[in-house]
Amino acid sequence: MDSKRGQWSTKIGFILSSAGAAIGLGAIWKMPYVTGQSGGGAFFLLFVIFTLLIGLPMLISEFIIGRGTGAEAISAYKKLAPKSVWVWIGRLGVAGCFLLLSFYSVVGGWILIYSGKAVVGNVIQSGTAPDQLFGMITGTPWITLVGLALFTLINVLIISLGVQNGIEKANKYMMPLLFVFFFILVIRALSLEGAMEGVKFFLAPDFSKITGKAVLYALGQSFFALAVGFSCMVTYSSYLKKDESLPNSAGSVVLMNIFVSLLAGLAIFPVVFAFGFEPAEGPGLLFMVLPSVFSQMPFGELFLAIFLLLFLFATLTSSFSLYEIIVAALVEKWPNARRNIAFALGVVVFIAAIPAALSSSSLSDFAIFDKSIFDATDYLVSNIMLPLGNLLIAIFIIHKVKKSFVKEEFMQGGKLSPVYYNTWKFLMTWLVPIVITIVFVYSIIQY
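These figures come from a predicted structure and were not determined experimentally. (Residues numbered from 1 in each chain as written. Predicted model: local features only at pLDDT ≥ 70, side-chain atom pairs only at ≥ 80, totals over all residues. Heavy atoms only, no water.)

Caption draft 1: Main features of the overall build of the protein chain. Broken down by element type, the protein chain carries 18 helices and zero strands. Expressed along its principal axes, the backbone C-alpha trace of the protein chain runs to roughly 60 × 50 × 45 Å. Expressed as a percentage of its 447 residues, the buried residues of the protein chain come to 61%. Summarising the internal contacts of the protein chain: among those between residues at least 6 apart in sequence, 85% fall at separations of at least 24. Carbon and sulfur atoms make up 66% of the accessible area of the protein chain, which amounts to about 17,400 Å² in all. (Helix = DSSP H or I, 4+ residues; strand = E, 2+ residues; numbered from the N terminus. Buried < 20%, exposed > 50% of the residue type's maximum accessible area, 1.4 Å probe, protein only. Contact = heavy atoms within 4.5 Å. Areas by Shrake-Rupley, 256 points an atom, 1.4 Å probe, with all protein chains shown as cover.)

Rendered as structure tokens:
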């Protein structure tokens, strides 16, 4: 590994940062409302199975490519398959992260605005109905653009500081606070009368609710929730020391992610059921339903502020990884220009995100295949580019990379039985590509 490149200072710093990359909109925003729309417990069980059998092997694969080459996404594939088309996996990842940022940052801006309003007690006590408040924030161009600009600026400032002083340090503060806030909310939620109905909905499987579409969502969620497919984890793991076990680190990240998804469900569904709301409320669950629910609770504004702050932390730690894969690729060419690259990228991302930010206001009449700019970009990234990226990585690591290289990286840094490697190899050779292909084709047909 190039000594001039950044490195994680500790194993826990890497795990927290990787978990932070994984834990974001997928775990806390998408997971609850998609679970609500897809029948509750059966969907969550499907998500856990996909995460362990598909997401975990994919995460280990990206770790092997990144730590093994000691290079960011594009250079990593160049090193392993020089002068070949496989470098386009890295380029697809960079492009996918950029497109993802173009709508992810918009939601981040909404959360930032809501968090600020909640902290000063101006969401529930504003006197405005939650749906009207959400419509005002998303439908007023200057408000969405200010939120977008602030969210982008926070990312740029952290990324410009580098791996140890920026990303790792921010995650070491934000991730523990996220868990503390979650525990507070879960304890409060479970103490409500009628909360157990929400727990039953979330954890008791009803397989009659499972449809082909729910399976597609569950698989996509397992990718989206672990930040795999776009080689973000290739870049993150390239900063990892050789004495760390990749399977153990990946397992820690996956377990933290599943645990946060579990906490999100236990924090939301008991509250929703306790006050008689519908769990299948879609994307508006966070911004419209929960403020209504918290408004009926003692100290509701305080608990809403805590929830929004933890959501903001999760969104930021996840967006750091999206920025880093792009910045790292550019820093490879201009090693001493990280700060300038980060700020220039921030400007470009802000400009690229403007159409999605205005999807609910000035550009609300503009549609792409009957979808808004925001929804069309989300669909392209989540349902097309993400599965495609995962499929290509699965094929690449099994059929293109030297088997000795893969096995050495898998086994290095830990005293693992060869059974773990053989199991991973079987899953990556057969189950992972077959399942991804089936769901990918289904996604295209359904569209």
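There's plenty left to go through after this.
Caption draft 2: Region of interest: the side chain of threonine 35. Position of threonine 35 relative to the elements: it lies in helix H2 (residues 25-37). Judged by its relative accessible area of 0%, threonine 35 is buried. Apart from residues lying up to four places away in sequence, threonine 35 is in contact with Lys30, Gly40, Phe43, Phe201, Phe202 and Phe269.

Caption draft 3: Quick look at the environment of leucine 157. Relative to the elements of secondary structure, leucine 157 occurs in helix H7 (residues 141-160). Classification of leucine 157 by relative accessible area gives partly exposed; the value is 42%. For the pair leucine 157 and arginine 339, spaced 182 residues apart in the sequence, the C-alpha separation amounts to 8.5 Å.

Caption draft 4: Inspection of the nonpolar core at higher detail. Counting residues in hydrophobic clusters, the biggest one holds 167 residues, and the most contacted among them are Ile23, Ile28, Ile64, Ile65, Leu178, Phe182 and Trp424. Apart from residues no more than four positions distant in its own chain, tryptophan 424 is found in contact with Pro57, Ile60, Ser61, Ile64, Ile397, Ile398, Val406 and Phe410. (Core = buried A, V, L, I, M, F, W, Y, C linked by side-chain atoms within 4.5 Å.)

Caption draft 5: Representation of the environment of glycine 68 in the model. Secondary-structure assignment places glycine 68 in helix H3 (residues 41-69). Counting along the chain gives 166 residues from glycine 68 to valine 234, while the straight-line C-alpha distance between them is 9.4 Å. For glycine 68, the contacting residues outside a window of four places in its chain are Phe63, Lys242, Phe405 and Glu409.

Caption draft 6: Expanded view of a nonpolar patch on the surface. Residues Leu45, Ile49, Leu52, Leu53 and Phe207 make up a contiguous nonpolar surface patch of roughly 420 Å² in combined accessible area. Within the secondary structure, phenylalanine 207 is located in the loop between helix H9 (195-203) and helix H10 (212-226). (Patch = residues over 30% accessible without salt bridge, like charges linked within 9 Å, V, L, I, M, F, W, Y side chains within 5 Å. Salt bridge = Lys/Arg side-chain N within 4 Å of Asp/Glu carboxyl O.)

Caption draft 7: Broad picture of the pattern of salt bridges. Using the criterion set out here, one finds four salt bridges in the structure. Between lysine 242 and glutamate 409 there is a salt bridge, and its shortest N-O distance comes to 2.6 Å. Of this pair, lysine 242 sits in the loop between helix H11 (232-237) and helix H12 (246-274) while glutamate 409 sits in helix H17 (residues 403-411), placing them 167 residues apart in sequence. Judged by relative accessible area, lysine 242 falls into the partly exposed class, the value being 36%. Across the salt bridge formed by glutamate 324 and arginine 338, the nearest N and O atoms sit 2.9 Å from each other. Residue glutamate 324 is located in helix H14 (residues 300-331), and its partner arginine 338 is located in helix H15 (residues 338-357); the two are separated by 14 residues in the primary sequence.

Caption draft 8: Looking closely at the packing of H3 against H12. It is the contact of H3 with H12, at a shortest axis distance of 9 Å, that shows an interaxial angle of 145 degrees. The element H3 and its partner H12 pack so that their crossing is right-handed. Contact residues: H3 offers Phe44, Phe47, Val48, Thr51, Leu52, Leu56, Leu59, Ile60, Phe63, Ile64 and Arg67, while H12 offers Leu246, Pro247, Ser249, Ala250, Gly251, Val253, Val254, Asn257, Ile258, Ser261 and Leu262. Residues that form the contact of H3 with H12 fall into these classes: 16 nonpolar, five polar and one charged. (Axes fitted to C-alpha atoms, helices over the stretch in contact; angles between N-to-C directions. Left-handed = near helix turned anticlockwise from the far one by under 90°. Nonpolar A, V, L, I, M, F, W, Y, C, P; charged D, E, K, R; others polar.)

Caption draft 9: A look at unusual backbone geometry. Even without glycine at this site, lysine 83 takes up a positive phi of about 55 degrees. Take lysine 83: it is sitting in the loop between helix H4 (73-80) and helix H5 (87-119). You will see that phenylalanine 299, though not glycine, has its phi angle at about 60 degrees, which is positive. With respect to the helices and strands, phenylalanine 299 occurs in the loop between helix H13 (284-294) and H14. Using a relative accessible area of 66% as the deciding quantity, one classes phenylalanine 299 as exposed.

Caption draft 10: Examining helix H8 (residues 163-190) more closely. Its 28 residues give H8 an end-to-end C-alpha distance of 38 Å, which sits within 8% of 40 Å, the value for a rise of 1.5 Å per residue. Lysine 172 marks where H8 bends most, by close to 25 degrees; the proline proline 176 follows one to four residues later. (Expected span 1.5 Å × (residues − 1). Bend = angle between axes of the 7 residues up to and from the residue.)

Caption draft 11: Representation of the side chain of serine 321 within the structure. Within the secondary structure, serine 321 is located in helix H14. At a separation of 2.7 Å, a polar atom in the side chain of serine 321 contacts the main-chain carbonyl oxygen of serine 318. Setting aside chain neighbours within four positions, we find serine 321 in contact with Ala21, Cys232 and Tyr236. (Polar contact = N/O pair within 3.5 Å; in protein donor to acceptor, adjacent residues only side chain to side chain.)

Caption draft 12: Structural context of the state of the cysteines. Scanning the model with the defined rule gives zero disulfides in all. Just so you know, cysteine 97 is unpaired, no disulfide at all, and the nearest cysteine sulfur is the one on cysteine 232, 3.2 Å from it. (Disulfide = S-S within 2.5 Å.)

Caption draft 13: Inspection of the packing of aromatic side chains at higher detail. Enumeration according to the criterion identifies 20 aromatic pairs in this entry. Ring geometry for tryptophan 8 against tyrosine 236: centres 5.2 Å apart, planes inclined by 70 degrees, an arrangement best described as edge-to-face. You can see tryptophan 8 sitting in the segment before helix H1 (11-22) and its partner tyrosine 236 sitting in helix H11, a full 228 residues away along the chain. The two residues tryptophan 8 and tyrosine 236 agree in class, both being buried. Every member of this aromatic cluster is reached through a ring pair, and the members are Phe44, Phe47, Phe201, Phe202, Phe269 and Phe273. Across the ring face of tryptophan 88, the terminal group of arginine 91 is positioned such that the distance to the ring centre comes to 4.7 Å. (Phe/Tyr/Trp six-rings, centres within 6.5 Å; stacked < 30°, edge-to-face > 60°. Lys NZ or Arg CZ within 6 Å of the ring centre and 35° of its normal.)

Caption draft 14: Structural detail: the packing of H8 against H14. Put simply, H8 and H14 touch, their axes get as near as 9 Å, and they point 150 degrees apart. By the angle between their axes, H8 is roughly antiparallel relative to H14. H14 is crossed by H8, and the crossing has left-handed handedness. Across the contact of H8 with H14, the residue classes break down as 20 nonpolar, two polar and two charged. (Parallel < 35°, antiparallel > 145°, perpendicular 65-115°, else oblique.)

Read these as geometric descriptors, not functional statements.
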